[in-house]
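# Remarks on the overall topology
Here is what each chain is made of, one letter per residue.
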Amino acid sequence: MNHAQTLLHILSSNRDRHQSGQQLADEMGVSRTAVWKAMETLRNQGHVIEGIPNRGYRLLTSTLLYSKERLQTLLPSWELHLFDSIDSTNRYAKTLKSRKALALACHQSEGRGRLSRSFYSPQGGLYLSLLFPAVFPLSDASLITSAAAVAVSEAIEEMCGKYCQIKWVNDLFYQNRKVCGILTEGVLGVESGRLTAVVVGIGLNLFTKREAFEDSLKTIATSLYDGEESLPSGFSVDALIASMVKKLEDSLATLSDRTFLSAYRDRSLVIGHEVRVHAGSEEYMARAIAIDDEAHLVVENEHGERKVLSSGEVSIHLEV
Ligand code: BTN
């Protein structure tokens, strides 16, 4: 453990009291300057540490909401990699050679989104990547993301009692704002030309405070709960994660049956609505008509011409 991790461990085990800089330095066996630097590192990662003159320091955000032991019990066949903070769980998961692995973090410094965008990943979110070293035909790649959107929505409904809709192709919306993004990345076998592994990355705003969102996101993103203090008592993040993982695992085992598609269609936020289609450099208004059996979006433009979208994205005007 580096100094920041050691400090985080000490602070999170002593949430109910303040500790002075000197006490922390003594406990860590380092200088006060080293404590101060570690504190800065944690604050830059998004941890909120209260500092009161003559009393000391106390961690205000929860970082250890999940426990490796509990998760391992719930997911015995999964190899777990847990981090307080990491650059990107997807990047990390792609480096693993193991059979089935789950990388999980409370904060990402370089979260990755679709279409080469970044994914803002402050404290309060769940950032996880599942590595499935399975053999899927390349053509199934878009089905995997859609199956994941259903699995995550159903887990949220079951464990949090909150209903999310899916904005084609991979965004989960709660009360008309984005609450979760999913990025599936493949590892391609050079000789086989098939996907030898897939990494499904899920970024869920679980209890991100409204004010923690960047200005550009404040009106379009939301969180299931507004702050850790709003989580229902007895809420188990481990149970939520385990539910997502199990549902996705089950769904991928029967991917070719496409059984998840009816739930995907039921939860669609766009079917029957006017949408703006962004397909490469092209942009046009259309009506979203259907989701076909490949989880592609069928749209009809103003001339009554139908198009099947396999990639790109659509935007929709929503009242909030
Ligand atoms: C999107 O909305 O564009 C997809 C966002 C996917 C974000 C998740 S967070 C966990 C995993 N690690 C990453 O770097 N990205 C995915």
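The structure this text deals with has already been given above.
The structure reproduced in this document is the subject of the present report. The structure presented is a predicted model; accordingly, all values stated were derived computationally and were not measured.

## Thoughts on the nonpolar core
Nonpolar side chains in soluble globular proteins generally cluster together in the buried interior. Residues Leu126, Leu172, Leu204, Leu206, Leu224, Leu240 and Ile241 are the most contacted members of the largest nonpolar core, which totals 72 residues. Summarising the domain contributions, this core has at least three residues from each of domain 2 (68-266) and domain 3 (274-315). Those residues in contact with Leu126 that sit more than four places away from it in its chain are Tyr66, Leu104, Ala105, Ile202, Gly203, Leu204, Leu206, Val237, Leu240, Ile241 and Met244.

## Considering the pattern of salt bridges
All told, the structure shown has 19 salt bridges when counted by the stated rule. The salt bridge involving Lys100 is made with Glu249; its shortest N-O contact spans 2.5 Å. Of this pair, Lys100 sits in the loop between helix H5 (89-94) and strand S4 (101-108) while Glu249 sits in helix H7 (residues 237-253), and the two are 149 residues apart along the sequence. Relative accessible area serves as the criterion here: at 17%, Lys100 is assigned to the buried category. Note that Lys307 and Glu282 form a salt bridge whose closest N and O atoms lie 3.6 Å from each other. Taken as a pair, Lys307 in strand S13 (residues 306-309) and Glu282 in strand S11 (residues 282-291) lie far apart in primary sequence, 25 residues in all. Bridged by salt links that share partners, the residues Lys94, Arg112 and Glu185 form one connected network.

## Things to note about the pairing of strand S12 (residues 297-301)
Extensive coverage of S12 is indicated by the burial of four of its five residues. In this structure, S11 lies alongside S12, joined through five bridges in antiparallel fashion. Within S12, the position partnered with Ala286 by the bridge is Asn301. Once S11 ends, the chain turns through five residues before running back antiparallel as S12, passing Ala295 with a positive phi of about 65°. Here four bridges tie S12 to S13, and the two strands are oriented antiparallel to one another. Its bridge partner lying in S13, Glu300 is registered against Arg306. Here S12 folds back onto S13 in antiparallel fashion, the turn holding four residues, of which Gly304 has a positive phi close to 80°.

## Details of the sheet that holds strand S10 (residues 274-279)
As summarised here, the arrangement of the five strands in space is S13-S12-S11-S10-S14, forming an open sheet in which the pairing is antiparallel. Edge strands, defined here as strands with exactly one partner in the open sheet, are S13 and strand S14 (313-315). Within this sheet the neighbouring strands show an average axis-to-axis angle of 45°, counted without direction.

## Quick word on the pairing of strand S8 (residues 177-188)
Pairing between strand S7 (residues 171-174) and S8: four bridges, direction antiparallel. Across the sheet, residue Tyr174 finds its bridge partner in S8, namely Arg177. Between the end of S7 and the start of S8, which pair antiparallel, lie two residues, with Gln175 showing a positive phi angle near 50°. The pairing of S8 with strand S9 (residues 195-205) spans nine bridges and is classified as antiparallel. Looking across to S9, one finds that Gly186 is bridged to Val198. The antiparallel hairpin formed by S8 and S9 contains six residues in its connecting segment, where Gly193 sits at a positive phi of about 70°.

## Comments concerning the site of the ligand
Within the structure, the ligand sits among 20 residues, and Ser88, Gln108, Arg112, Arg114 and Lys178 are positioned closest to it. Contact distances for the ligand include 2.7 Å between an oxygen atom and a side-chain N or O atom of Ser88. A total of 410 Å² of accessible area belongs to the ligand in isolation, and the protein chains cover 97% of it. For the shell around the ligand, the secondary structure elements donating two or more residues are H5, strand S5 (125-132), S8 and S9. Of the residues forming the shell around the ligand, the biggest block, four residues, is contributed by S8. Class assignment for the residues of the shell around the ligand results in six nonpolar, ten polar and four charged.

Parameters and conventions
- The residue numbers shown here count from 1 along each chain, following its written sequence.
- Since the coordinates come from a predicted model, pLDDT governs what is reported: local features require at least 70, and pairs of side-chain atoms require 80 or more to be given and counted, while whole-chain, interface and lining totals use all residues.
- For the side-chain quantities, the full set of heavy atoms in the structure was used; hydrogens and water were omitted.
- Residue types Ala, Val, Leu, Ile, Met, Phe, Trp, Tyr and Cys, when buried and joined through side-chain atoms within 4.5 Å, form a set referred to as a nonpolar core.
- We call a residue buried when its accessible area falls under 20% of the maximum for its residue type, exposed when it is over 50%, and partly exposed in between, using a 1.4 Å probe and counting protein chains only.
- The domain limits used here are those given by an automatic or database domain assignment.
- Two residues form a contact once any of their heavy atoms are found within 4.5 Å.
- Any carboxyl oxygen of Asp or Glu that lies within 4 Å of a side-chain nitrogen of Lys or Arg is treated as forming a salt bridge with it.
- Working definition: helices are DSSP H or I runs of at least four residues, strands are E runs of at least two. Numbering for both runs from the N terminus.
- When DSSP finds two or more bridges between a pair of strands, those strands are recorded as paired.
- Orientation is described by axes fitted as lines to C-alpha atoms, over the contacting stretch for helices, and by angles from 0 to 180 degrees between their N-to-C directions.
- The rule for a residue being near a molecule or strand is that one of its heavy atoms must lie within 4 Å of it.
- Under the rule applied, a polar contact is a pair of N or O atoms within 3.5 Å (in protein, one hydrogen donor and one hydrogen acceptor; residues adjacent in sequence only if both atoms are side-chain atoms).
- Only the protein chains shown count as cover for residues, and the accessible areas themselves come from Shrake-Rupley with a 1.4 Å probe.
- In this classification, the charged set is Asp, Glu, Lys and Arg, the nonpolar set is Ala, Val, Leu, Ile, Met, Phe, Trp, Tyr, Cys and Pro, and all remaining amino acids, among them Gly, are polar.

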